[in-house]
Amino acid sequence: MADESLLNEDWTRVLTQLGGAAQLEISARQTKAFVRRRQIPDAVSLLRLMLAYCLGERGLRSTAAWAASVGLADLSSVALFYRLRQCGDWFAVLVEGLLAAAAPKASRGRLIRIIDATTVPQAGPAARRNSELWRVHSAFDLPYERFGHFELTDQQEGETFDRIPVVKNEIRIADRAYLQPDRIAAVRDAGADVLIRAGWKNARWLDAKGLPFDLMAQLRAAKAHGLIDRRIWIKRKDGSPLAMRLVAVKKPAGAVAASRRKARRDAQDENRVISKETLEAADWVILVTSLARDEFSTKDVLALYRLRWRIELGFKRLKSLIGLKTPPGTDPRSAKPYLLAHLLIILLLEPLARDFEDSPRWMQAA
């Protein structure tokens, strides 16, 4: 967001979306982001100042000089940094408010919710040595084409399938990193259906009698037909096995060759010998779902999973359009509001950004 857009009709629209000046004043005071009128006259001016720093290319000193030159605030770079550190909880409240305002109503139909996370490196030599990250856990909601949930953590907090609250009757879609049986069961118990990519050996597969199920043998047996759609169970750490539906489809020849190349490259990068089974499994798209076969055909399930690319496009907007990148400095108290400012702006701009994008007509589920 350019400085000029903080001073024109775009800024007026932003204030309206955030509830207006009076509501911003209330939330800023409640979170102690704005306590006393000293160098900064009100919460609206504080927000403009923080967004100008977080979203602009200037450092602290240049931002403070810019604020003085336009009559926004008169404060030092040290005071600006202190104010930034106080804004973390306030920005979290603003992000939550925008998400809540756009939450789907039950009467508006069934929600498709795509779950994933993206990362941003932490700043500083120690963080780089230890590959420390900020992780943005996200849900991208369809048909609304917008982020429906954000949660910001460091790299110690892993990607978990049940982290994001369930909207009753949603269809939750995720890639193979989220094949977590006990957490899938929690999402199902909360009233959602699930659709998740699977690897041939990243679950303990069982048959109807609770005996080990040889998924690889099933793939080989179905090679000629190129399709599997059947019941399967997954062993859990706690509780009874998770009853699911296995849907697997063999990829076309071109995609098979690309998948095998990627599998070999990954094995080489990890300094391991690739197995014959891994190469064979690379020929298939393997999915597990709770969606009933009489309501969702095999074709429907595959079409639903192909929608997963939408969250990748959302992350692209976040990083290219909004410029999400490593926060300056190593203090988490300043890094958090810096990142939240970017999440706030993507929520404000998403309806406009979608109008100017080119979307692919289809995506190979590979």
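A brief report on the enclosed structure follows. It should be emphasised that the depicted structure is a prediction, and the values quoted were computed from it without experimental measurement.

Thresholds applied
- Residues numbered from 1 in each chain as written.
- Predicted model: local features only at pLDDT ≥ 70, side-chain atom pairs only at ≥ 80, totals over all residues.
- Heavy atoms only, no water.
- Axes fitted to C-alpha atoms, helices over the stretch in contact; angles between N-to-C directions.
- Helix = DSSP H or I, 4+ residues; strand = E, 2+ residues; numbered from the N terminus.
- Parallel < 35°, antiparallel > 145°, perpendicular 65-115°, else oblique.
- Left-handed = near helix turned anticlockwise from the far one by under 90°.
- Contact = heavy atoms within 4.5 Å.
- Nonpolar A, V, L, I, M, F, W, Y, C, P; charged D, E, K, R; others polar.
- Buried < 20%, exposed > 50% of the residue type's maximum accessible area, 1.4 Å probe, protein only.
- Arc of directions from axis to C-beta.
- Pairing = 2+ DSSP bridges.
- 1 Å grid on protein atoms, 1.4 Å probe; cavity = no way out; pocket = protein on both sides within 12 Å on 5 of 7 lines; lining within 4 Å.
- Points joined across faces, edges and corners; volume = space filled by probe spheres on them.
- Core = buried A, V, L, I, M, F, W, Y, C linked by side-chain atoms within 4.5 Å.
- Salt bridge = Lys/Arg side-chain N within 4 Å of Asp/Glu carboxyl O.

### Some thoughts on the packing of helix α3 (residues 43-55) against helix α4 (residues 60-69)
- Put simply, α3 and α4 touch, their axes get as near as 10 Å, and they point 140 degrees apart. Between α3 and α4, the crossing angle belongs to the class labelled oblique. The chirality of how α3 crosses α4 is right-handed. Mapping the contact onto sequence places Leu 49, Ala 52 and Tyr 53 in α3 and Leu 60, Thr 63, Trp 66 and Ala 67 in α4.
- Residues of the contact of α3 with α4, tallied by class, amount to 6 nonpolar, 1 polar and no charged.

### A look at helix α5 (residues 77-85)
- Residues of α5 that are buried: Ala 79, Leu 80, Arg 83 and Leu 84. All buried residues of α5 fall inside an arc of 145 degrees around its axis, so they share one side.

### Description of the pairing of strand β9 (residues 284-289)
- For β9, the buried fraction is high: 6 of the 6 residues fall into the buried class.
- Here β9 shows a buried face lined by Trp 284, Ile 286 and Val 288 and a second buried face lined by Val 285, Leu 287 and Thr 289.
- Pairing of strand β8 (residues 242-250) with β9 involves 6 bridges; the strand directions are antiparallel. Within β9, the residue paired with Arg 245 across the bridge is Thr 289.

### Some words on the layout of surface pockets
- As a volume, the second largest pocket reaches approximately 220 Å³.
- Lys 32, Ala 33, Phe 34, Val 35, Arg 36, Arg 38, Gln 39, Ala 79, Tyr 82, Arg 83 and Gln 86 are the residues that line the second largest pocket.
- Split into classes, the residues belonging to the lining of the second largest pocket amount to 5 nonpolar, 2 polar and 4 charged.

### Here's the deal with the nonpolar core
- Core analysis: the largest hydrophobic core is formed by 73 residues, its most contacted members being Leu 18, Leu 47, Leu 49, Trp 90, Phe 91 and Leu 344.
- Ignoring anything within four residues of it in the chain, the contact list for Leu 49 reads Ile 40, Thr 63, Ala 67, Leu 72, Ala 73, Leu 75 and Leu 80.
- Listed in part, the 33 residues of the second largest apolar core include Ile 164, Ala 203, Trp 205 and Ile 234.

### Regarding the pattern of salt bridges
- The full count for this structure, using the stated rule, is 22 salt bridges.
- The shortest N-O distance in the salt bridge between Arg 172 and Glu 170 comes to 2.8 Å. Neither Arg 172 nor Glu 170 differs from the other in exposure class; each is buried.
- In this structure, the salt-bridge partner of Asp 229 is Arg 245, at a minimum N-O distance of 2.8 Å. Remark: Arg 245 occurs in strand β8 and Asp 229 occurs in strand β7 (residues 227-234); sequence separation between them is 16 residues.
- Given a relative accessible area of 13%, Asp 229 falls into the buried group.
- Relative accessible area serves as the criterion here: at 3%, Arg 245 is assigned to the buried category.
- Via salt bridges that share partners, Asp 116, Asp 175, Arg 308 and Glu 312 belong to a single interconnected network.

### Quick notes on empty space enclosed by the protein
- According to the stated counting rule, one finds 2 cavities of 30 Å³ or more in the structure shown.
- By volume, the largest cavity is sized at about 40 Å³.
- For the largest cavity, the full set of lining residues is Ile 115, Asp 116, His 137, Ser 138, Glu 159, Thr 160, Arg 163, Ile 164 and Tyr 178.
- Considering only residue class, the lining of the largest cavity consists of 3 nonpolar, 3 polar and 3 charged.

So yeah, pure geometry; function would need other evidence.
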